[in-house]
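Single-letter residue listing:
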Amino acid sequence: LGYFYPSTGIKSTQVKGDPNEQVLLKALANNDSKAAETIYKENFNMVLAFILNNNGSYDEARDIFQEAMIALYQKAKSESFVLTSQIKTYVYSICRRLWLKRLQQLGKTTNGIENFEAIPVEDDIEIHERRNAELGIMDRALSSLGEPCKSLLEAFYIEKQSMDQIALLFGYTNADNAKNQKYKCLMRLKKLFFSQYNIGE
Amino acid sequence: MEDILLLNTIERYLEGRMLEEERKFFEELRTSNPAIDQMVVEHKLFLNQMDEYAGC
C-alpha cells in the first residue's frame, strides 16, 4: 500500500509545529467556528485544485475536504495530539489519500498531478474510517428502533434531558414509567448496536 | 426490576455520581463478579459511542 507515497522527501515535510498553528488547532478542538473558517480559507483551494486535476468535481472536493476537517478536528481533540507537520501538509495528505481511495473505488484513475508534498497518514485515515463506520452502526441501530424509542433515547442520551422532562414531553404520567420505558428501549438499542459492532471489529 | 436497577447503578458509576464508599463497594463487586464487570465494560463502550454520535 506504500505505492502512493514517494520513496523520498517524506521526512522533509515533517517540520516542527508552528505555535500559531497550535493555537488554531486548539481553537478548532474547542469548536471555534472562526478557526474552522480560517483552515477552510487557507486550504480548500489547494484541495480543490488537486481534485479537479485528478478527475474530480467541485462537489467531490467539498466532500473530501469535509472528511479531512473532521479527521483534523478529532485529532486536535485527542489528548495525545502533537502537531508534527503543518496543517496544510496534513490536510492535503488526508484529502489526497481519501481521494485516491475514492478514485480506486470508482474504478477511475489519477492523472498523477500533485501540487504539494504529502506525508503518510494511513493510520489517521484508518481511525477516521473506523469512526465513520461506528457512527453508521449507531445511526442504523437508532433508526431501526422505531418510535417512540428512538426519540426517547435521543432525548436522554443526546439532548441530556432529565427523566422528568422526558416524562412530560412524551406524556408519561410519571418519571418512573418513563424510566422503565427508557430501559426497555435501551436494551433493544444495545442489542441492535452490538450485533453489528462485533462484526465490524 | 433488578436489571433496571443494576443498569442505573452502572450509569451512576460511569458518570462518577457515586459517593466514595459506594464506589469502593461497587468496584469490589466488579472485581469479584465477572458478569457485572463485563456489563460495565460493555456499557462504557456503548456510552462512548453514543457520545461520539451525539457530537456529530
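Up top you'll find the structure we're talking about.
For clarity, every value in this text was computed on a predicted model and none was experimentally measured.

Draft legend 1. Geometry of the overall build of chain B. Looking only at helices and strands, chain B features 3 helices and 0 strands. The order of helices and strands in chain B, counted from the N terminus, is α-α-α. Reported as C-alpha extents along the three principal axes, the dimensions of chain B are approximately 35 × 25 × 25 Å. Within chain B, the fraction of its 56 residues that count as buried is 29%. In chain B, once contacts between residues fewer than 6 apart in sequence are set aside, the share between residues at least 24 apart is 42%. Accessible surface for chain B amounts to roughly 3700 Å². Of this, 54% is attributable to carbon and sulfur atoms.

Draft legend 2. View of the pattern of salt bridges. Evaluated as defined, the whole model comprises 17 salt bridges over all chains. Of the charged contacts in the structure, one is a salt bridge between Asp51(B) and Lys160(A), with a shortest N-O distance of 3.3 Å. You can see Asp51(B) sitting in helix α3 (residues 34-54) and its partner Lys160(A) sitting in the loop between α6 (149-158) and α7 (163-170), one on each of two chains. Using a relative accessible area of 42% as the deciding quantity, one classes Asp51(B) as partly exposed. Given a relative accessible area of 54%, Lys160(A) falls into the exposed group.

Draft legend 3. Examining helix α3 (residues 58-77) of chain A more closely. Across its 20 residues, α3(A) extends 28 Å between first and last C-alpha, which sits within 8% of the 28 Å expected from 1.5 Å per residue. Of all the positions in α3(A), only Ala61(A), Ile64(A), Phe65(A), Ala68(A), Met69(A), Ala71(A), Leu72(A), Tyr73(A), Gln74(A) and Ala76(A) are classed as buried. Contacts made by the buried residues of α3(A) are with α1 (19-29), α2 (33-53), α4 (87-105) and α5 (122-145) of chain A together with α3 of chain B.

Draft legend 4. Layout of the interface of chain A and chain B. Taken together, the contact between chain A and chain B spans 23 residues of the former and 16 residues of the latter. For the pairing of chain A and chain B, the buried interface totals around 1900 Å² over both sides, and the portion due to carbon and sulfur atoms is 68%. Ranking the residues of chain A by area buried against chain B places Tyr157(A), Tyr183(A) and Lys190(A) at the top, with a combined share of 28%. Linking chain A with chain B are 4 salt bridges. As a salt-bridge pair, Glu42(B) and Lys190(A) come within 3.7 Å of each other at their nearest N and O atoms. The element that contributes the greatest number of residues to the side of chain A that touches chain B is helix α8 (residues 175-200) of chain A, accounting for 11 residues. The residue makeup of the side of chain A that touches chain B, split by class, is 14 nonpolar, 2 polar and 7 charged.

Draft legend 5. Structural view of the nonpolar core. Residue and element names in this part refer to chain A. If you look at the biggest cluster of nonpolar residues, it comprises 37 residues, and the most contacted ones within it are Leu25, Leu28, Leu72 and Val91. With residues up to four places along the chain from it excluded, the contact list for Leu72 reads Leu25, Leu28, Ile39, Ile87, Tyr90 and Val91. Counting residues in each nonpolar core, the second largest holds 30 residues, with Leu142, Leu152, Met163 and Leu186 among its members.

Draft legend 6. Geometry of the packing of helix α2 (residues 20-32) of chain B against α3(B). Residue and element names in this part refer to chain B. Their axes nearest at 5 Å, the elements α2 and α3 cross at an angle of 110°. In terms of their interaxial angle, α2 and α3 are classed as roughly perpendicular. In this structure, α2 uses Phe26, Leu29, Arg30 and Ser32 to contact α3, whose residues at the interface are Pro34, Ile36, Asp37, Val40 and Val41.

Draft legend 7. Representation of unusual backbone geometry in the model. All names here are of chain A. Residues Glu147 and Pro148 are joined by a peptide bond in cis, for which omega reads 5°. Mapped onto the elements, Pro148 comes out in the loop between α5 and α6. The backbone of Asn31 shows a phi angle near 60°, a positive value even though the residue is not glycine. Topologically, Asn31 is positioned in the loop between α1 and α2.

Conventions adopted
Residues numbered from 1 in each chain as written. Chains lettered and ligands numbered in written order. Predicted model: local features only at pLDDT ≥ 70, side-chain atom pairs only at ≥ 80, totals over all residues. Heavy atoms only, no water. Helix = DSSP H or I, 4+ residues; strand = E, 2+ residues; numbered from the N terminus. Buried < 20%, exposed > 50% of the residue type's maximum accessible area, 1.4 Å probe, protein only. Contact = heavy atoms within 4.5 Å. Areas by Shrake-Rupley, 256 points an atom, 1.4 Å probe, with all protein chains shown as cover. Salt bridge = Lys/Arg side-chain N within 4 Å of Asp/Glu carboxyl O. Expected span 1.5 Å × (residues − 1). Buried area = accessible area lost by both parts, 1.4 Å probe. Nonpolar A, V, L, I, M, F, W, Y, C, P; charged D, E, K, R; others polar. Core = buried A, V, L, I, M, F, W, Y, C linked by side-chain atoms within 4.5 Å. Axes fitted to C-alpha atoms, helices over the stretch in contact; angles between N-to-C directions. Parallel < 35°, antiparallel > 145°, perpendicular 65-115°, else oblique.

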